[in-house]
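Next come the chains, spelled out residue by residue.
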Amino acid sequence: MSIKHEDSNVVLQGNFVTETKTETVNNKKKNRLFAIESFAVLVSIILFGIPFYFVIINSMKSGKEAAEMNLAWPSAFRMIENYKEVLTVSNGVVLRAFFNSTLITISSITILILVCSMAAFVLQRREGKISKKANYLILMGLMIPPAIVPTIWVMQTIGLFKTLPGIVLLESALHFSFACMLYKAFMATIPRELDEAALMDGCSSFRFYFQIVLPLLKPVTSTIIVLSSIQIYNDFENMLYFFPGAENATVQLTLYNFMGMFGTSWHLLFADVLLISIPPLVLFIFFNKKIVAGMTAGAVKG
C-alpha cells in the first residue's frame, strides 16, 4: 500500500511540473505576442499618425508658416479662417464638389449592389459554357486597365461624356468585376436547398431574390459599400478625364483650386485635404469589422 501511495505522489508531482511548464510556455507566448502587437501598433502610429498630424497642424497655420512644411505649432491658430475660406472659394466649389461626389458614389454603389448581386447569383447557380465564359470576362475586367481615349470616344458617341449618368455608369463598370467576384464567392455559402424550398412554396424568382437571398448578402454588401465607395469617392484620374468642367467638380479635383503655377496655398490645401478625408475615415471606422467579415465569409466554399 505504501508503494502505491508513493507512486501516486510521484505521478501528481509529475503532472504538477508538466502543468507548470505548460503555463510558463503559454505565458512566454502571450508576452511575445503582446510585444509583437505593441510594436505593430507603434509602427502604425508612426506611419499613419504622424502624416495625419502633419496635415491637421498645417491646416491651422498661415500661408507663410504652412509653406515651411514642418511639425511645429503655429504662432496663431487660423482654423476657422482657413476652413471658411476653403468652403467659400470660387463661389463654394468645394461644397458643390461634395454634393457631386456624394451623388456619384451613392448612385454607383446602388447599381453595383443590384446588378453585381444578380449576376453573381446567376453565375453561381447555373453552371455551363456561358457561365465559364462570363467568369473569364469578369476576371479580364480585373486584370485589364481601361483605355482612356477609346472610352472617351465611346462616351462622346452615345452622348454621356461630361455628364453625371455617364460617370456613374463608368464607375459602376470599373468596379463591377471586383464586386461580382465577392458576391459569387459568398453566394456559394447559401445552400441550394433554400432555392428549391422557396420555389416549391410558390415563390417567384424576383421575390425569392429580394426577400430571401439579398438579405443574406448583408456581410459582403457592407464590404462592397465601404471599399467601393471609398475608391469612387477618392477617384481622381477618372473624374479628371471623363468628368471635366468647373460645374462638374469633385472633391479630389478641388485640390487644383489651391495649387498654382507661381505659388501654392499650402494652408488651404491641407485644410481641403482634411475636409475631404473625413467621410471615408468615418465610414471605415464604423464598418471596419464588417469589411473583414465580408471578405472572409466565402473563403471556404468560394
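In case you missed it, the structure is sitting above this.
All values reported here derive from a predicted model rather than from experimental measurement.

Visitor: Which residues make up the overall build of the protein chain, and what values do they have?
Guide: For the protein chain, the count of helices and strands is 12 helices and zero strands. Sorting the 302 residues of the protein chain into buried and exposed places 33% on the buried side. Within the protein chain, contacts between residues at least 6 apart in sequence are counted, and of these 74% link residues at least 24 apart. Here the protein chain displays about 19,000 Å² of accessible surface, and carbon together with sulfur accounts for 69% of that area.

Visitor: Give me the side chain of Ser229: which residues, what numbers.
Guide: Its place among the elements puts Ser229 in helix H10 (residues 218-233). Among the polar contacts listed, one links the side chain of Ser229 to the backbone oxygen of Ile225, at a separation of 2.3 Å. The contact partners of Ser229, leaving out residues within four places of it in the chain, are Thr105, Ile109, Ile224 and Leu283.

Visitor: Break down the packing of helix H3 (residues 79-125) against helix H7 (residues 176-187) for me, citing the residues and quoting the values.
Guide: Helix packing geometry: the angle between the two helix axes and the distance between the axes. Running from N to C, H3 and H7 point in directions that differ by 50 degrees, and their axes come no closer than 8 Å. The orientation of H3 with respect to H7, classified from their angle, is oblique. In terms of crossing hand, the pair formed by H3 and H7 is right-handed. Taken together, the residues of H7 that come into contact with H3 (itself represented by Leu112, Ile113, Val115, Cys116, Ser117, Ala119, Ala120, Phe121, Leu123, Gln124 and Arg125) are Phe176, Ala179, Cys180, Tyr183, Lys184 and Met187.

Visitor: Quick rundown of a nonpolar patch on the surface? Include the residues and the values.
Guide: A grouping of Leu42, Ile46, Leu47, Phe48, Ile50, Tyr53, Leu71, Trp73 and Phe77 is seen on the molecular surface, where their side chains present a nonpolar patch of about 970 Å² in accessible area. Looking at the element boundaries, Leu47 is found in helix H1 (residues 2-58). Using a relative accessible area of 53% as the deciding quantity, one classes Leu47 as exposed.

Visitor: How would you summarise the packing of H3 against helix H9 (residues 205-216) if you had to cite specific residues and measurements?
Guide: Interhelical geometry of H3 versus H9 gives an angle of 95 degrees and a closest axis separation of 12 Å. Classed by the angle they form, the pair H3 and H9 counts as roughly perpendicular. Contact residues: H3 offers Ile113, Leu114, Ser117, Met118 and Phe121, while H9 offers Phe208, Tyr209, Phe210, Val213 and Leu214. Broken down by class, the residue content of the contact of H3 with H9 amounts to nine nonpolar, one polar and no charged.

Visitor: Describe the environment of Thr264, with residues and values.
Guide: Mapped onto the secondary structure, Thr264 falls in the loop between helix H11 (237-242) and helix H12 (266-296). The class for Thr264 is partly exposed, based on a relative accessible area of 26%. Considering only alpha carbons, one finds Thr264 and Gly63, 201 residues apart in sequence, at a separation of 8.8 Å. Setting aside residues no more than four positions away along its own chain, Thr264 makes contact with Phe258, Met259 and Leu269.

Visitor: I'd like to hear about the packing of aromatic side chains, residue by residue, with values.
Guide: Counted under the stated rule, the structure contains eight aromatic pairs. For the pair Phe121 and Phe208, a centre-to-centre distance of 6.0 Å together with 55 degrees between the ring planes defines the contact as tilted. A residue pair is termed long-range when its members are at least 10 positions apart, and Phe121 in helix H3 and Phe208 in helix H9 qualify at 87 residues. For Phe208, a relative accessible area of 4% corresponds to the buried category. A centroid spacing of 6.5 Å and a plane angle of 80 degrees characterise the contact between Tyr241 and Phe242, whose relative ring orientation is edge-to-face. Of the residues examined, Tyr241 reaches a relative accessible area of 35% and is grouped as partly exposed. Linked through ring pairs, Phe121, Phe208, Tyr209 and Phe210 together constitute an aromatic cluster.

Scoring rules and cut-offs
Residues numbered from 1 in each chain as written. Predicted model: local features only at pLDDT ≥ 70, side-chain atom pairs only at ≥ 80, totals over all residues. Heavy atoms only, no water. Helix = DSSP H or I, 4+ residues; strand = E, 2+ residues; numbered from the N terminus. Buried < 20%, exposed > 50% of the residue type's maximum accessible area, 1.4 Å probe, protein only. Contact = heavy atoms within 4.5 Å. Areas by Shrake-Rupley, 256 points an atom, 1.4 Å probe, with all protein chains shown as cover. Polar contact = N/O pair within 3.5 Å; in protein donor to acceptor, adjacent residues only side chain to side chain. Axes fitted to C-alpha atoms, helices over the stretch in contact; angles between N-to-C directions. Parallel < 35°, antiparallel > 145°, perpendicular 65-115°, else oblique. Left-handed = near helix turned anticlockwise from the far one by under 90°. Patch = residues over 30% accessible without salt bridge, like charges linked within 9 Å, V, L, I, M, F, W, Y side chains within 5 Å. Salt bridge = Lys/Arg side-chain N within 4 Å of Asp/Glu carboxyl O. Nonpolar A, V, L, I, M, F, W, Y, C, P; charged D, E, K, R; others polar. Phe/Tyr/Trp six-rings, centres within 6.5 Å; stacked < 30°, edge-to-face > 60°.

Limitation: the analysis is restricted to geometry and does not speak to function.
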